[in-house]
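Results of the structural survey
Residue-level listing of the chains:
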Amino acid sequence: VVGIVVVGIAHLALHVFHARFAALPKNVAMWFDLNAEHSFGTWYSVVLVALVAVACVVAAVTVRGRARAAWVGLAVGVTLLSIDDKIMVHEQLPVIFGMTTGNFATHEWLIPGVLLAGSGVAVLWWLVRALPTAVRRWLLVSLLIFASGAVVLEGLSGLFIRMAPAHVLLDFMYLEELVEESLEMFAPIVALAAVMSHLQRVGVLDLDGRSGDRPQRRRPVPNRRSGADDGKVIPRVESESGPDERGRRVVAYRAGRGRLGRGLRLGRPRVVPGGWLGTRRVDGPVG
């Protein structure tokens, strides 16, 4: 976000103090124009999108099956977006498809661009159904932010330029460019944060440095007693220490599992019949 603020201020300074920037060597002033291909803003946007692709590759390595296919698909799609952001393939789509330019109400590339992008998004959305809900939600938010800048504002600016080519407001189009490009840069930041948060949740990354303080979870020990084939959970003694403050022998239990039952951990302490051990108190899960 700090990068967006920096390049945004540079963009505003370029247009507000245009006379001073004009004194710079040829094409140097364009480095600060967010609407220019060879600018710091374009470089920053390309880097952000590329980082999202790298994070998706890391996430793909940690999973299998459909989830891996989803992450790989996202990495490929985001990489293509990064390439397009640098070499401006979308602006050449009318030439590639043999479209006549200048007769449409706005930029001609929006027609094939939206169709191609929509097809890609549909395929990716089918794939990402295998990903966690939180990841899908934030990726959708990122997509909407990007589309609002790259499609909605871009289309409206093209419409305004062609409908009123001599309007006085065209002198302030750099403000529209600032908002549009800022949205296109903020979208990959949201996507990157979503993927990085996912990698932290699954234990791949340790961004807060506190993973070493988290207790290690132990897998339940299955109950090997015969007669547990009905799927009922049968308590199993894990350890015992006693007696407690009331003279009772304290036995810690963990639930076992039968052929159809999953291992469960017992919750709050309670007193149970003692058998040959006498009255016992279950002290909750072990480990």
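Everything numeric here is computed off the predicted structure, so don't read it as measured data. (Residues numbered from 1 in each chain as written. Predicted model: local features only at pLDDT ≥ 70, side-chain atom pairs only at ≥ 80, totals over all residues. Heavy atoms only, no water.)

1. Quick word on the overall build of the protein chain
Cut-off, in case you're wondering: To qualify as a helix, a DSSP run of H or I must reach at least 4 residues; to qualify as a strand, a run of E must reach at least 2; elements of each kind are numbered from the N terminus. The cut-offs for exposure are 20% and 50% of the maximum accessible area for each residue type, with area from a 1.4 Å probe on protein chains only; residues under the lower value are buried, those over the upper are exposed, and the others partly exposed. The contact criterion used is simple: two residues touch if any of their non-hydrogen atoms lie within 4.5 Å. To be clear on the numbers: accessible area is Shrake-Rupley with a 1.4 Å probe, and residue cover counts the displayed protein chains and nothing else.
Secondary structure summary: the protein chain contains eight helices and four strands in total. The linear arrangement of helices and strands in the protein chain, starting from the amino end, is α-α-α-α-α-α-α-α-β-β-β-β. Out of the 287 residues belonging to the protein chain, those deemed buried represent 37%. Summarising the internal contacts of the protein chain: among those between residues at least 6 apart in sequence, 57% fall at separations of at least 24. For the protein chain, the exposed area adds up to about 17,700 Å²; of that, 64% sits on carbon and sulfur atoms.

2. Observations concerning the confidence of the model for the protein chain
To be explicit about the condition: One confidence number per residue, pLDDT, is output by the predictor and ranges from 0 to 100.
Looking at the protein chain, the pLDDT average stands at 75 and 70% of residues meet or exceed 70. Confidence over residues 224-242 falls short of pLDDT 50; this stretch has 49 contacts with residues more than four positions distant or in other chains.

3. Remarks on unusual backbone geometry
Positive phi outside glycine occurs at M88, with the angle close to 55°. Here M88 shows up in the loop between α4 (65-87) and α5 (93-96).

4. Comments concerning the nonpolar core
Test applied: By nonpolar core we mean a set of buried residues, namely Ala, Val, Leu, Ile, Met, Phe, Trp, Tyr and Cys, connected to one another through side-chain atoms within 4.5 Å.
Counting 22 residues, the largest nonpolar core has V52, C56, W71, L74, L131 and V195 as its most contacted members. For this core, the secondary-structure elements that each account for two or more residues are α3 (40-61), α4, α7 (133-163) and α8 (173-201). Here this core gets seven residues from one element, more than from any other, and that element is α3. When neighbours within four sequence positions are excluded, L131 is seen to be in contact with A67, A70, W71, L74 and R136.

5. Details of α7
Definition in use: Expected helix span is taken as 1.5 Å per residue step, with the number of steps being one fewer than the number of residues.
Across its 31 residues, α7 extends 43 Å between first and last C-alpha, which sits within 8% of the 45 Å expected from 1.5 Å per residue. Of all the positions in α7, only V135, L139, S142, I145, G149, A150, E154, G155, S157 and G158 are classed as buried. Check the buried side of α7 and you find it contacts α4, α6 (110-127) and α8.

6. Examining the packing of aromatic side chains
Definition in use: Put simply, two rings from Phe, Tyr or Trp (the six-membered ring, in Trp's case) pair if the centres are within 6.5 Å, and we call them stacked under 30 degrees between planes, edge-to-face over 60, tilted for the rest.
A complete count under the given rule lists two aromatic pairs for this structure. Centre to centre, the rings of W31 and F40 are 6.2 Å apart; their planes meet at 75°, and the pair counts as edge-to-face. Accessibility expressed as a relative area gives 42% for W31, which makes it partly exposed. On the basis of relative accessible area, F40 is assigned to the partly exposed category, the value being 43%. Here the aromatic rings of F32 and F40 are separated by 5.7 Å at their centres, their planes lie at 55°, and the arrangement is tilted. Looking at F32, the relative accessible area reads 24%, which means it is partly exposed.

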